[in-house]
Amino acid sequence: MSDIETDICVVGGGPAGLTLALLLLRSGVRVTVVEKNRSLDREYRGEILQPGGLALLDRLGVLAGAKERGAYELRRFRLTERRRVLMEFDYGRLPAPYDHLLSLPQRHLLEELLGCCEQFDGFRYLEGQGLAELVRDGGAVRGLTTIGRDAGHSVEALCVVGADGRYSKTRALAGITNQRHDVFDMDVLWFKLPMSEQPSGVVRIHRGDGGPVIAYDSFPGSVQAGWTLPHRSYREISGRGIDYVRDAAARSLPEYTDRIREHVGVLTDLTLLDVFAARAERWALDGLVLIGDAAHTHSPLGAQGINLAIQDAAVLHPVLLDAVRGRTATAEVLGAYEKARSADIDAVMRLQVMQSKGMFATGKVAAAVRPRIAKVVSRTPLGRRVTRRIAFGNPGIRVREDLFTADRQPVQEHRKTYHP
Ligand SMILES: Cc1cc2nc3c(=O)[nH]c(=O)nc-3n(C[C@H](O)[C@H](O)[C@H](O)COP(=O)(O)OP(=O)(O)OC[C@H]3O[C@@H](n4cnc5c(N)ncnc54)[C@H](O)[C@@H]3O)c2cc1C
């Protein structure tokens, strides 16, 4: 017998899962979120939010609070080659107030979203509980069981939402195939350096003598660097020792040479990331739907993942509300979300492949052509169109505030978070 009965059970308390939870709670739906981590004190990847995501979070009432916890605004996106600026996208030309990127620690966003969710009586947060099994009734998913350090739960729900990221267990247990595309011929070494001056307000891609590097201001007081390497070359490079790695990184990022020498002491100061794109073959089954990275995974280039996860939640919100009101969550009902969202995701994937080829491709032809393409993109209306596209994705996506019924309730005496 289940010990929790809810309308919607979300697996994963990341940006996708918690945004969706808050949208549904504000529409009077009962939501249980299952999150395998025991606290928000964990490692995150990705903290740049695009204007499209900022606008949605603002309408949802969480942007101001998340920003107050600490963030940096980034106004420009710049590509340089040996210190020469090849291309610059000026976000300041977009309509205010969403005329910048925001470097916001994911923890600040999740703390704010969770704090808002906890103000609703219909919310349950199973922290430190991982998905164990999906529960089925006939062919349809009707809930799940969880596993924690000491005990587990059994949750009965009209629909389970898999928002558990790129290596989604929900997707695997549902038997949905994930198509991985190795279209980005690179890996990324990810490391932080202390900021020595004021925040730059610029996302920079440097092309120097080593591999291209992306660098941006990261709150509080750091520069986040991502040094790109040819796919699967790290083993060979790291085998030559930390001095070699440090020198190679400094060649890619000469203005940070001193800080790299001082702060990259051992190989474990660097995190290796496998860059890939992927897409689940379908996003909806009877009683189950996938969103965010679980449905489609993107390269970090162009900072799209969190934005897309938040937009997915906004698109799925009215679909799930219909399902809850009609007490039917068939693949057909839930498929309305996939139908509405699929083309947007394909468009972003195509754009990211083009961005990657344009900025990271090596070889004589690429080196000769890049400045010319950069000139066209920077100096014609095309640049403004590309900036808008990257910044907003599908501009028609809105938070359906007309569907909100429940006001926030005062925080109750009891916390809605259950520890095992
Ligand atoms: C190096 C790197 C840099 C990036 N930079 C950016 C960036 O600057 N901007 C941007 O927009 N995107 C960026 N991204 C992508 C971005 O991080 C993701 O697209 C985004 O976090 C997806 O949100 P999500 O909620 O779908 O999944 P996630 O953020 O992965 O959240 C999934 C949640 O599910 C939980 N979970 C997982 N498995 C289980 C389970 N079995 N049971 C219960 N809970 C589970 C996890 O603990 C986690 O909390 C970057 C990605 C990488 C790898």
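Worth saying up front: this structure is predicted, and the values here are computed from it rather than measured.

Caption draft 1: Main features of the overall build of the protein chain. A count of helices and strands for the protein chain gives twelve helices and 24 strands. Taken against the 2.2 N^0.38 rule, which gives 22 Å for 420 residues, the C-alpha radius of gyration of the protein chain at 22 Å falls within 12% of a compact globule. Based on the C-alpha atoms only, the size of the protein chain along its principal axes is roughly 65 × 45 × 40 Å. Residue burial in the protein chain is summarised as follows: out of 420 residues, 45% are buried. Within the protein chain, counting contacts between residues at least 6 apart in sequence, those at least 24 apart form 75% of the total.

Caption draft 2: Here's a closer look at the site of the ligand. Surrounding the ligand, one finds 33 residues, the nearest of these being Gly-12, Gly-14, Gly-46, Gly-292 and Gly-305. For the shell around the ligand, the secondary-structure elements that each account for two or more residues are α1 (15-25), β3 (31-35), β10 (129-137), β15 (186-194) and α9 (305-326). Tallying contributions element by element places α9 first for the shell around the ligand, with four residues. When residues of the shell around the ligand are assigned to domains, at least three fall in each of domain 1 (4-70 + 103-181 + 277-359 + 397-418) and domain 2 (186-274).

Caption draft 3: Region of interest: helix α7 (residues 242-252). Considered for burial, the residues of α7 that qualify are Val-245, Arg-246, Ala-249, Ala-250 and Ser-252. Summarising the axial view, the buried residues of α7 lie within an arc of 155°, below the 170-degree limit, and thus occupy one face. In this structure, α7 carries Asp-243 and Tyr-244 as exposed residues pointing more than 90 degrees from its buried face. Elements in contact with the buried residues of α7: β16 (202-207), β17 (213-218), β18 (222-230), α6 (234-238) and α8 (257-263).

Caption draft 4: Here's a closer look at helix α12 (residues 381-392). Counted at 1.5 Å a residue, the expected span for α12 with its twelve residues is 16 Å, and the 17 Å between its end C-alpha atoms agrees. For α12, every residue scored as buried is listed here: Ile-390, Ala-391 and Phe-392. In this structure, the buried residues of α12 make contact with α2 (51-60). Downstream of α12 by a residue or two, Gly-393 has a phi angle that is positive, lying close to 60°.

Caption draft 5: Geometry of the domain arrangement of the protein chain. Along its sequence, the protein chain is organised into domain 1 (4-70 + 103-181 + 277-359 + 397-418) and domain 2 (186-274). Distance between the C-alpha centres of domain 1 and domain 2: 32 Å. Opposite the seven residues of domain 1 that make contact, domain 2 presents ten residues. Its residues assigned to classes, the side of domain 1 that touches domain 2 shows four nonpolar, two polar and one charged.

Reading the values: rules and limits
Residues numbered from 1 in each chain as written. Predicted model: local features only at pLDDT ≥ 70, side-chain atom pairs only at ≥ 80, totals over all residues. Helix = DSSP H or I, 4+ residues; strand = E, 2+ residues; numbered from the N terminus. Rg over C-alpha atoms; globule rule 2.2 N^0.38 Å. Buried ≥ 20, exposed ≤ 12 C-beta atoms within 10 Å, placed from the backbone. Contact = placed C-beta atoms within 7 Å. Near = placed C-beta within 6 Å. Domains from an automatic or database assignment. Arc of directions from axis to C-beta. Expected span 1.5 Å × (residues − 1). Nonpolar A, V, L, I, M, F, W, Y, C, P; charged D, E, K, R; others polar.

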